Amino acid sequence: MEHGVRSGQGPPLTQVYRCLLTGRCPDWTAAEVADVVCSAVCGPVPGGEDRERCHDNSVALSCMSVSLVDKIASCLTSRSVSPAVTSYCEEVLRLLLGDGDLMSQLVHLFQSKDLIVSHLAAKSVSTCVFYSLQTSGTICPVWRQTCVLAFHRSLPGTELDACLWSLTEVCKKLLKGAHQVIFGELLAAFDSALSSLCSKFLPEDGGTKCDRGTTLCLLLDLLEVLTASTWICGAAVCLKSQIITHSHSSALLETVSGSSEYFVKKRALLLLKRVVLQKAGEDWASGDLLLSGLKHEQLSSDMSRLAHNVLTAVAADWLETVQVESASFFGGTRAVRGEEDQKPDCVMLRAVSLLLLKSAELRIQSAAGTAGWSRATEVYGYLQSLWSFLRRCSVLLSALTHRCCWISVLFGEQDDDMMEAAKASLSIFLHHRRCSGLEDLAELDAACASGNNPHCIFLLLLQSVSFDHSILLDFLISTETCFLEFLVRYLKYLSADWPGFTAACGRIGCQRSLQQRSSPASCGGDVLEQKTKGEPGGLRLVQYGSSDESGPEDMEVCHDESRMPVCENSRLNVNHDVKQEMSGPPGPIRQKQYESSHSLSQANAALKSSSSSSVLHSEQTGPNMAALSGQVSTSERTVLCLSQLRVLLTRLHARKLFPYNPSSLIKLLAQVENKSQHPVPVQ
């Protein structure tokens, strides 16, 4: 049915929409279209129909007219239509928002009991508000007043939901469009109202919270956008509402462990995880955008406050109250049938683990945290609490005979999270090593008891990818993980503790031998390695061959300078490069972007030619084939893998085909080879 105001009167709205969708000007004048839209939004459908049919037609007509307004405003904000269509849309919107006062009617639809109408109205209003901010820098007064009042009243319902969604959408568009100044002005207008809203929905004193799951999730979406704005805008915008997630982190932790619906608990936990990883907004903002602003002076203290609240809650047995459901999937949860294995919600397990690990790492990095953690046993106490939680929730993890396997088992399907967990675990270990006063081997034994031995974690990582150096290369050139930072820091430690590495290799090798003689799947590393059987070239944790940033097995590094990898996962002290990491203490680093994109396009040919070299030829008879015959030890496989990686990096760097300068990394890899040839005997 072609919708108009009356039969035979005015242009059909669907035909106008289709014209704009194809980039053509409709056959009707701007005044005619504006009149039809205003009449459709403001007035009921006349006629002698019964009430139910009249209501259905009215709802359908409202949805169509509101969608048309959104399309008209979108044509203007996208700037992707012809000048003639742009001029036409500008005239229609001027008539609607000026003479027709349509915005008041659209905002009034926020209260509609029909959720579709309410949401479409919020979507349309958001686009119009963004267009107004983009062109004139003015905030729509009707929209602002409605949202501020709804936030202050804090009454759960369709109006509050629409206001939350609308403000979130406008903020996203401003941040993605690099309108930091306008964003600051907009947020300043809502700052006090948002603080008031969060004090009622997320009370710090543990008072009564909102029990409407939809409203809470919309609020959490808005909080993530506000948190991301602190990294995008940096020091340019400094408002109280931007740090609500940090200041109300205790309330968010209570939401995770409280009586809220499971999907709300999960959303709150994922928000805390993204904030502590400094990845808030990664779903809609590019990595370069998240790193564009100068760091806020208070960022470090805000992150320390968040970490302190998390660790305080863990010390108060917060983990005992966290609910992890079984058989969780995208649509929610389902009942387990018959003898079907009950698998835990690994998203929740990974989020809890990373939240605790990164909080401990942040506590260590802060000056106050280092002073406050003079007792080395304190930090490992948190790891023991985490281990107890994981054993309670996962049968697979509880069956592990070697606790260091837990990172490979839990994070095996999420390599970005796995690298973050390994990096945080390494920081915790190095801190404990400095404070404990234990001998190296005794320290490593204590680390194994807590699942925190960096040698074991690294060896199990290599084992999970079948000691394939090409996968390590994928990690090094990828923007998805912090593997470069972890590898550099680990290689520095490895060079200083070769006996500990040798002992770990013996432990992993013995466990593997026992595993092969008895039943499989008793150790996490072998569980993961089973997945590689029947897959040529080993398991790729991320299929970079199907992405835009690297080629398939021939490892084509890059084709376009705009897609060169930059390590986006280090948010603290990101200005340290790899060379500074070599000479200074362990700390976050940032990959340097290489200059020549034309040279990078030659990587495919270079790597194909290098496959005939003697060192890379050893891959065919080296780690993978030799492992089948049991002729190569874990230590030899590891050294050979790292040696192959060094040779490949050297060749690519010499031909100027690598996206950043890997000289310092190559030196560290060479040191490992030298250590393997001149090992220090175990005392």
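The rules behind the values
- Each chain has its residues counted from 1, running along the sequence as written.
- Where totals are concerned, whole chains, interfaces and linings use all residues; where local detail is concerned, this predicted model gives features only for residues with pLDDT of at least 70, and gives and counts side-chain atom pairs only at 80 or more.
- Side-chain descriptors were evaluated using all non-hydrogen atoms of the structure, hydrogens and water having been removed beforehand.
- Secondary structure follows DSSP: runs of H or I at least 4 residues long count as helices, runs of E at least 2 residues long count as strands, and numbering of each begins at the N terminus.
- Burial here depends on accessible area, computed with a 1.4 Å probe over protein chains only, as a share of the maximum for the residue type. Under 20% is buried, over 50% is exposed, and the range in between is partly exposed.
- Residue contacts follow a heavy-atom distance rule, with two residues in contact if any of their heavy atoms lie within 4.5 Å.
- Working definition of accessibility: Shrake-Rupley area with a 1.4 Å probe, residue cover restricted to the visible protein chains.
- Under the pairing criterion, centres of Phe, Tyr and Trp rings, with the six-membered ring standing for Trp, must be within 6.5 Å; the plane angle then separates stacked pairs below 30 degrees from edge-to-face pairs above 60, leaving the rest tilted.
- Definition used in this section: a nonpolar core is a set of buried Ala, Val, Leu, Ile, Met, Phe, Trp, Tyr and Cys residues joined via side-chain atoms within 4.5 Å.
- Between N-to-C directions, angles cover 0 to 180 degrees, with each direction set by a line fitted to C-alpha atoms, over the stretch in contact for helices.
- Note that the term roughly parallel is reserved for angles under 35 degrees, roughly antiparallel for angles over 145, roughly perpendicular for angles of 65 to 115, and oblique for everything else.
- Should the near helix be turned counterclockwise from the far one by less than a right angle, the crossing is left-handed, whereas a clockwise turn marks it as right-handed.
- Each residue is assigned to one of three groups, with Ala, Val, Leu, Ile, Met, Phe, Trp, Tyr, Cys and Pro labelled nonpolar, Asp, Glu, Lys and Arg labelled charged, and all others, Gly among them, labelled polar.
- By definition here, a helix of n residues has an expected span of 1.5 Å times n minus one.
- Should a side-chain nitrogen of Lys or Arg be within 4 Å of a carboxyl oxygen of Asp or Glu, the pair is scored as a salt bridge.
- Neither His nor the chain termini are counted; the positive set is Lys and Arg, and the negative set is Asp and Glu.

Colleague: Which residues make up the overall build of the protein chain, and what are the values?
Modeller: The helix and strand tally for the protein chain stands at 34 helices and two strands. Relative to its full complement of 683 residues, the protein chain shows a buried share of 55%. Pairs at least 24 residues apart make up 75% of the contacts formed inside the protein chain by residues separated by at least 6 positions. A total of about 28,600 Å² of accessible surface is found on the protein chain, and carbon and sulfur atoms cover 51% of it.

Colleague: Residues and numbers for the packing of aromatic side chains, please.
Modeller: Applying the stated criterion across every chain, the model contains 10 aromatic pairs. Measuring from ring centre to ring centre gives 5.4 Å for tryptophan 143 and phenylalanine 190, while their planes differ by 65 degrees; the resulting arrangement is edge-to-face. Here tryptophan 143 is found in helix α7 (residues 141–153), whereas its partner phenylalanine 190 is found in helix α9 (residues 180–201), with 47 residues between them in sequence. Each member of the pair tryptophan 143 and phenylalanine 190 is classed as buried.

Colleague: An account of the nonpolar core is requested, with residue identities and associated values reported.
Modeller: If you look at the biggest cluster of nonpolar residues, it comprises 201 residues, and the most contacted ones within it are Trp143, Phe151 and Trp406. Sorting elements by how many residues they give to this core places helix α10 (residues 213–233) first, with 13 residues. When residues no more than four places from it in sequence are discounted, the contact partners of tryptophan 406 are Ser353, Leu357, Leu386, Trp387, Leu390, Leu397, Leu400, Phe411 and Gly451.

Colleague: I'd like a rundown of the packing of helix α12 (residues 249–257) against helix α15 (residues 299–315), residues and numbers included.
Modeller: A pair of packed helices can be characterised by two numbers: the angle between their axes and the separation between those axes. Packing of α12 against α15 leaves a shortest axis separation of 9 Å and a crossing angle of 40 degrees. With respect to α15, the element α12 is oriented oblique. In terms of crossing hand, the pair formed by α12 and α15 is right-handed. Here α12 contributes Ser249, Ser250 and Leu253 to the contact with α15, which in turn contributes Leu306, Asn309, Val310 and Ala313. Within the contact of α12 with α15, the residues separate by chemical class into four nonpolar, three polar and no charged.

Colleague: Lay out α15 with the relevant residues and their values.
Modeller: Residues that lie three or four places apart on an α-helix share one face, since the helix turns once every 3.6 residues. Over its 17 residues, α15 runs 24 Å from end to end, which matches the ideal 24 Å to within 8%, given 1.5 Å per residue. The first or second residue beyond α15 is aspartate 317, which carries a positive phi of 65 degrees.

Colleague: Explain the environment of valine 16 to me, using residue names and the numbers behind them.
Modeller: In this fold, valine 16 is placed in helix α1 (residues 13–21). When the C-alpha positions of valine 16 and aspartate 27 are compared, they lie 8.1 Å apart, and in sequence the two are 11 residues distant. If near-sequence neighbours (up to four positions away) are discounted, valine 16 is found in contact with Pro11, Pro26, Trp28, Val33 and Leu68.

Colleague: Hey, could you go over the environment of lysine 240 for me, with residue numbers and the actual values?
Modeller: If you trace the backbone, lysine 240 turns up in the loop between α10 and α11 (244–247). Expressed as a C-alpha distance, the spacing of lysine 240 and aspartate 191, which sit 49 residues apart in the sequence, is 6.8 Å. For lysine 240, the contacting residues outside a window of four places in its chain are Asp191 and Ser195.

Colleague: Lay out the side chain of threonine 634 with the relevant residues and their values.
Modeller: Mapped onto the elements of the fold, threonine 634 is located in helix α33 (residues 634–654). For threonine 634, the contacting residues outside a window of four places in its chain are Leu459, Phe467, Cys505, Ile508 and Gly509.

Colleague: Tell me about the pattern of salt bridges, and name the residues and values.
Modeller: A complete count under the given rule lists 16 salt bridges for this structure. The closest approach of N and O atoms between aspartate 221 and arginine 267, which form a salt bridge, is 2.9 Å. Of this pair, aspartate 221 sits in helix α10 while arginine 267 sits in helix α13 (residues 262–276), placing them 46 residues apart in sequence. A relative accessible area of 30% places aspartate 221 in the partly exposed class. The partner of arginine 274 in a salt bridge is aspartate 283, and the shortest N-O contact between them spans 2.9 Å.

Colleague: Which residues make up unusual backbone geometry, and what values do they have?
Modeller: Even without being glycine, arginine 79 reaches a positive phi, approximately 55 degrees. Along the chain, arginine 79 turns up in the loop between α3 (51–78) and α4 (83–99). With a phi close to 55 degrees, glutamine 278 is a non-glycine residue in the positive phi region.

Colleague: Give me helix α25 (residues 483–496): which residues, what numbers.
Modeller: Here α25 contains 14 residues, and its C-alpha end-to-end distance of 20 Å stays within 8% of the 20 Å for a straight helix at 1.5 Å per residue. The complete set of buried residues in α25 reads Phe483, Leu484, Glu485, Phe486, Leu487, Val488, Arg489, Tyr490, Leu491, Tyr493, Leu494 and Ser495.

Colleague: Can you tell me about the packing of helix α23 (residues 454–464) against α33, naming the residues and giving the values?
Modeller: At a closest axis distance of 11 Å, the pairing of α23 and α33 adopts a crossing angle of 75 degrees. The angle between α23 and α33 falls in the class roughly perpendicular. Residue-level inspection shows Phe458, Leu459 and Leu462 of α23 in contact with α33, the latter providing Thr634, Thr638, Cys641 and Leu642. In the contact of α23 with α33, the residues fall into five nonpolar, two polar and no charged.

Colleague: Tell me what's going on with the side chain of lysine 265, and back it up with residues and numbers.
Modeller: Inspection of the secondary structure puts lysine 265 in helix α13. Salt bridges are absent for the buried lysine 265, whose nearest opposite-charge side chain, glutamate 325, sits at 6.9 Å. Those residues in contact with lysine 265 that sit more than four places away from it in its chain are Thr255, Val256, Gly258, Ser259, Ser260 and Gln323.

Colleague: Talk me through the environment of serine 408; I want residue IDs and the actual numbers.
Modeller: Turning to its location among the elements, serine 408 is positioned in helix α20 (residues 406–411). Between the alpha carbons of serine 408 and alanine 421 there is a distance of 9.8 Å; along the sequence they are 13 residues apart.

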